[in-house]
Amino acid sequence: MQAESHAPVRAFPIGGLTFLCSLGTGILWNALYFIAESEYGFTERDSLLLAFVNGILYTAVAVNAGRIVGFLERRTTPRAALGIVLLVQAALAPLVLIPNLALLWCAAVAMTALGALQWPIVQHYLASGRHGHEMRNAIGWWNACWMAATAIGLAMAGPLESMGLTRWAIPSLLITNLGAILFLTAFPAHPPRHDPDANAAHVPPNYRALLGAARVLHPMGYLVIGALSPILPYLFNALGTNESSHAPIGATWHVARFVAVLILWRTAFWHGRATTLVVAGLLLSLGFALAVGSPNEPILIVGLAALGLGQGTIYYSAIYYGLAVGGAKIEAGGIHEALVGAGYFIGPALGLASLSAGFGTPVFIGLVLGALAVGFVGALLQAGRARSQSMA
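Just so it is clear, the model here is predicted, and its values are computed rather than measured.

A word on the overall build of the protein chain. Within the protein chain one finds 16 helices and zero strands. At 20 Å, the protein chain has a C-alpha radius of gyration in line with the 21 Å of a compact globule built from 392 residues. Along the three orthogonal principal directions, the C-alpha set of the protein chain runs to about 60 × 50 × 35 Å. Here the protein chain holds 392 residues, and 51% of them are scored as buried. Nonlocal contacts in the protein chain, meaning residues at least 24 apart in sequence, comprise 87% of its contacts between residues at least 6 apart. Carbon and sulfur atoms form 68% of the exposed surface of the protein chain, whose accessible area is close to 16,300 Å². Taken together, the 18 basic and 14 acidic charged side chains of the protein chain have centroids lying 13 Å from each other.

Written as structure tokens, this is what we have:
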């Protein structure tokens, strides 16, 4: 069935749905591992294994999102498919209140799989009917919505833990998802038609190579994010950081990432330039190296800020080039989300490898730095290709 309109979906319903779903995501990923450790006695190895399985599953579902939604679309609409995803997630969320390890695993992996299906559909609605500046602008406010919501979800972890309410955090997704469904009712049944001629006019030849560079760096960004959680406590202990400063310092990269997104949203200098991705890759890599090797707290903060600026730039670039080159299709969003999952499972895989070999955090850090170096070289080659194409 074809879309009924060329008009893009309005910002308010997409922004509202994105904010509530991302708030739930931030709560989920903080609470899940806390519950696993405090109520089920998960060791570091157990938590890494859960994260690894979640990352693998997220990647597998996201990369097949186009096929799955295509199958559903023959029976219903994209809006209905998204509604089903949100309803099933809402129904699964309270299962974690039942003290059963198998149910915890089932709820975790099922909600992860549904999240990998949810975001490509949302991105399909976001980008369809938008081109060039209009698409970049929409991606800007959309990024601001989800990053702000995720940060709020992360910030809620401390107060919930101090009040002994962490086990109720995941069931709260029942409320956030039902709220998201209210915004979904304002979506059209089908996204607007994405005119291929208008799309081609806004996609220069070097965009494909820039997309290649961004897609090499994109999972590296999430590898670093996934690696930070186990590494930060080690860094704080080594520096003797006061416990009350852990959360504010740890949030530095979130703030920096949000700032990067705001800058890219309101400016135009960055797109179409290979230099932007090279600088972003350097900020990500050097920021992580500075953070893990920091001799004091100011250097740690500088490292985390550089890391956040780099990761935010990479994310914005990857999703823009992906949706522009991919014609706003669900498959384009699926690949983008699959690379998020790849970053999330590479990190735990490296952690499990270092633990299995009998090594600790320093070796894990070395493995992450090695992966970053390989990724940066690959991105540099793609960026060079894009630069030569833009000068041809």
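With that out of the way, let us pick up the environment of Gly351. With respect to the helices, strands and loops of the structure, Gly351 is situated in helix α15 (residues 330-356). Residue class for Gly351 comes out buried when judged on its relative accessible area of 4%. Distance from Gly351 to Asn237, taken between C-alpha atoms, is 19 Å for residues 114 residues apart in sequence. Non-local contacts of Gly351, meaning those with residues more than four positions away in its chain, are made with Leu48 and Phe364.

Structurally, the position occupied by His336 is in helix α15. If we ignore the near neighbours within four places in the chain, the residues touching His336 are Gln123, His218, Tyr315, Ala318 and Ile319.

We now examine the nonpolar core. Ile14, Leu17, Trp142, Ile170 and Phe288 are the most contacted members of the largest nonpolar core, which has 112 residues in total. Here this core gets 18 residues from one element, more than from any other, and that element is helix α10 (residues 207-239). With sequence-adjacent residues up to four places away left out, Ile14 is seen in contact with Val9, Val122, Tyr125, Leu126, Trp141, Trp142 and Phe187.

In this section: the packing of helix α6 (residues 132-155) against helix α12 (residues 252-266). Contact geometry for α6 and α12: axes closest at 9 Å, N-to-C directions at 165°. Relative to α12, α6 is oriented roughly antiparallel. Every pair of crossing elements has a handedness; the one defined by α6 and α12 is left-handed. Facing Asn137, Gly140, Trp141, Asn143, Ala144, Trp146, Met147, Ala148 and Leu154 of α6, the residues of α12 in contact are His254, Arg257, Phe258, Val261, Leu262, Trp265 and Arg266. Residues belonging to the contact of α6 with α12 are distributed by class as follows: ten nonpolar, four polar and two charged.

Turning to unusual backbone geometry, a few remarks are in order. Phi at Ala328 is positive, roughly 60°, even though this residue is not glycine. For Ala328, the location among the structural elements is in the loop between α14 (297-325) and α15. Ala328 sits in the buried class, given a relative accessible area of 0%.

Attention shifts here to the state of the cysteines. Under the counting rule described, the total for this entry stands at zero disulfides. In this structure Cys145 is not part of a disulfide, and its nearest cysteine sulfur, from Cys21, lies 12 Å away.

Bringing the side chain of Thr59 into the picture now. Tracing the sequence through the fold places Thr59 in helix α2 (residues 44-63). We classify Thr59 as buried; its relative accessible area is 16%. Separated by 2.8 Å, the side chain of Thr59 and the backbone oxygen of Gly55 make a polar contact. One polar contact links the side chain of Thr59 to the main-chain carbonyl oxygen of Gly341, over a distance of 3.5 Å. Those residues within four positions of Thr59 in sequence are excluded, and the remaining contacts are Ala338, Gly341, Ala342 and Phe345.

Another aspect to go through is the packing of helix α1 (residues 11-40) against α6. Direction vectors running N to C along α1 and α6 enclose 30°, while the axes themselves pass 7 Å from each other. Here α6 runs roughly parallel to α1, going by the angle between their axes. α6 is crossed by α1, and the crossing has right-handed handedness. Seen from α1, the contacting residues are Ala11, Ile14, Gly15, Thr18, Phe19, Ser22, Leu23, Gly26, Ile27 and Asn30; seen from α6, they are Trp141, Trp142, Cys145, Trp146, Ala148, Ala149, Thr150, Ile152, Gly153 and Leu154. When the residues that make up the contact of α1 with α6 are grouped by side-chain class, the tally is 13 nonpolar, seven polar and no charged.

Another aspect to go through is the packing of aromatic side chains. Enumeration over the complete set of coordinates arrives at twelve aromatic pairs. Note on Phe52 and Phe345: the rings are 6.0 Å apart at their centroids and 90° apart in plane angle, and the pair reads as edge-to-face. In this pair, Phe52 is assigned in helix α2 and Phe345 in helix α15, connecting sequence segments 293 residues apart. The class for Phe52 is partly exposed, based on a relative accessible area of 26%.

On to the confidence of the model for the protein chain, then. Looking at the protein chain, the pLDDT average stands at 88 and 96% of residues meet or exceed 70. Taking the mean pLDDT of every element in the protein chain, the minimum, 73, falls on helix α7 (residues 157-162) and the maximum, 96, on α14.

Conventions used here
- Residues numbered from 1 in each chain as written.
- Predicted model: local features only at pLDDT ≥ 70, side-chain atom pairs only at ≥ 80, totals over all residues.
- Heavy atoms only, no water.
- Helix = DSSP H or I, 4+ residues; strand = E, 2+ residues; numbered from the N terminus.
- Rg over C-alpha atoms; globule rule 2.2 N^0.38 Å.
- Buried < 20%, exposed > 50% of the residue type's maximum accessible area, 1.4 Å probe, protein only.
- Contact = heavy atoms within 4.5 Å.
- Areas by Shrake-Rupley, 256 points an atom, 1.4 Å probe, with all protein chains shown as cover.
- Lys, Arg positive; Asp, Glu negative; His and termini not counted.
- Charge placed at Lys NZ, Arg CZ, Asp CG, Glu CD.
- Core = buried A, V, L, I, M, F, W, Y, C linked by side-chain atoms within 4.5 Å.
- Axes fitted to C-alpha atoms, helices over the stretch in contact; angles between N-to-C directions.
- Parallel < 35°, antiparallel > 145°, perpendicular 65-115°, else oblique.
- Left-handed = near helix turned anticlockwise from the far one by under 90°.
- Nonpolar A, V, L, I, M, F, W, Y, C, P; charged D, E, K, R; others polar.
- Disulfide = S-S within 2.5 Å.
- Polar contact = N/O pair within 3.5 Å; in protein donor to acceptor, adjacent residues only side chain to side chain.
- Phe/Tyr/Trp six-rings, centres within 6.5 Å; stacked < 30°, edge-to-face > 60°.
- pLDDT = per-residue confidence, 0-100.

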